[in-house]
Amino acid sequence: VQLNELVGMVLDNFPPELDQRIIINLNDAPEEIFVDSVQMTQVLKNLLENAVKYSPADSEIELECMPAPDGKLLIQIKDRGRGLSIYELQ
């Protein structure tokens, strides 16, 4: 699947006011990736929904894709939410 098309499918799930908060950074990521596009779209949608839900309404959320040192693709979603303490994770 084309990475930019996959990201576009994910963003289509969000209304324009939320879509404006999501910053896309594809860096030097490959144009084509070999994934199940339906499952990967759902995973990214879930992660972005969580970031939107738990970060301040006026903050940006970043979806960043870049080559990993081992030749794989690294996808990061960064938000400005408060996060979880080590105690909340246990």
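These lines cover the structure that appears in this document, whether it is placed above or below. (Residues numbered from 1 in each chain as written. Predicted model: local features only at pLDDT ≥ 70, side-chain atom pairs only at ≥ 80, totals over all residues. Heavy atoms only, no water.)

1. Observations concerning the overall build of the protein chain
We count it as follows: The helix count covers DSSP runs of H or I at least four residues long, the strand count covers runs of E at least two residues long, and both are numbered beginning at the N terminus. For every residue, the accessible area obtained with a 1.4 Å probe (protein chains only) is divided by the maximum for its type, and the residue is called buried under 20%, exposed over 50%, and partly exposed between those limits. Any two residues having at least one pair of non-hydrogen atoms within 4.5 Å are treated as being in contact.
Tallying secondary structure elements over the protein chain gives four helices and three strands in all. Across the protein chain, helices and strands are ordered from the amino to the carboxyl terminus as α-α-β-α-β-β-α. For the protein chain, the spread of C-alpha atoms along the principal axes amounts to about 35 × 30 × 25 Å. Looking at the protein chain as a whole, 28% of its 90 residues qualify as buried. Sequence-distant contacts in the protein chain: of pairs separated by 6 or more residues, those separated by 24 or more amount to 65%.

2. Details of the side chain of Ser55
How we decide: Under this definition, polar contacts are N or O atom pairs within 3.5 Å; protein pairs additionally need one hydrogen-donor-capable and one acceptor-capable atom, and for neighbouring residues in sequence, both atoms have to be side-chain atoms.
Mapped onto the fold, Ser55 is located in the loop between helix H3 (37-54) and strand E2 (61-67). Look at Ser55 and you get buried, because its relative accessible area is 9%. A polar atom in the side chain of Ser55 sits 2.6 Å from the backbone oxygen of Ala51. Excluding residues within four positions of it along the chain, Ser55 makes contact with Arg21, Ile61, Asp79, Arg80 and Gly81.

3. Examining the nonpolar core
Here is the rule: Nonpolar core, defined: a set of buried Ala, Val, Leu, Ile, Met, Phe, Trp, Tyr and Cys residues in which side-chain atoms within 4.5 Å join the residues together.
Ranked by size, the top nonpolar core spans 16 residues in total, and within it Leu3 and Leu48 carry the most contacts. Beyond its immediate sequence surroundings of up to four residues, Leu3 is in contact with Leu26, Ala29, Pro30, Glu31, Ile33, Cys65 and Leu73.

4. Observations regarding unusual backbone geometry
Of note in the backbone geometry, Asn27 takes a positive phi value of approximately 40° without being a glycine. Of note, Asn27 is situated in the loop between strand E1 (22-25) and H3.

5. Quick look at the sheet that holds strand E3 (residues 73-78)
Applicable threshold: Being paired, for any two strands, means DSSP has found at least two bridges between them. Axis definition: a line fitted to C-alpha atoms, limited for helices to the stretch in contact. Angles are taken between N-to-C directions and run from 0 to 180 degrees.
Reading across from one edge, E1-E2-E3 is the order of the three strands in this open sheet, with mixed pairing throughout. A single partner strand is all that each edge strand has here, and the edge strands are E1 and E3. Neighbouring strand axes in the sheet, compared pairwise and without regard to direction, differ in orientation by 10° on average. One ladder, built from six bridges, connects E2 with E3; its direction is antiparallel. From the neighbouring strand, Met66 faces E3, where its bridge partner is Leu74. Packing against the sheet, helix H1 (residues 3-11) makes contact with E1, E2 and E3, and its axis sits at approximately 175° to E1. Strands E1, E2 and E3 of the sheet are contacted by H3, whose axis makes an angle of about 25° with E3.

6. Observations concerning the environment of Ile23
For Ile23, the position within the fold is in strand E1. A relative accessible area of 33% means that Ile23 is categorised as partly exposed. The residues touching Ile23, leaving out its near neighbours within four places in the chain, are Glu60, Ile61, Glu62 and Leu63.

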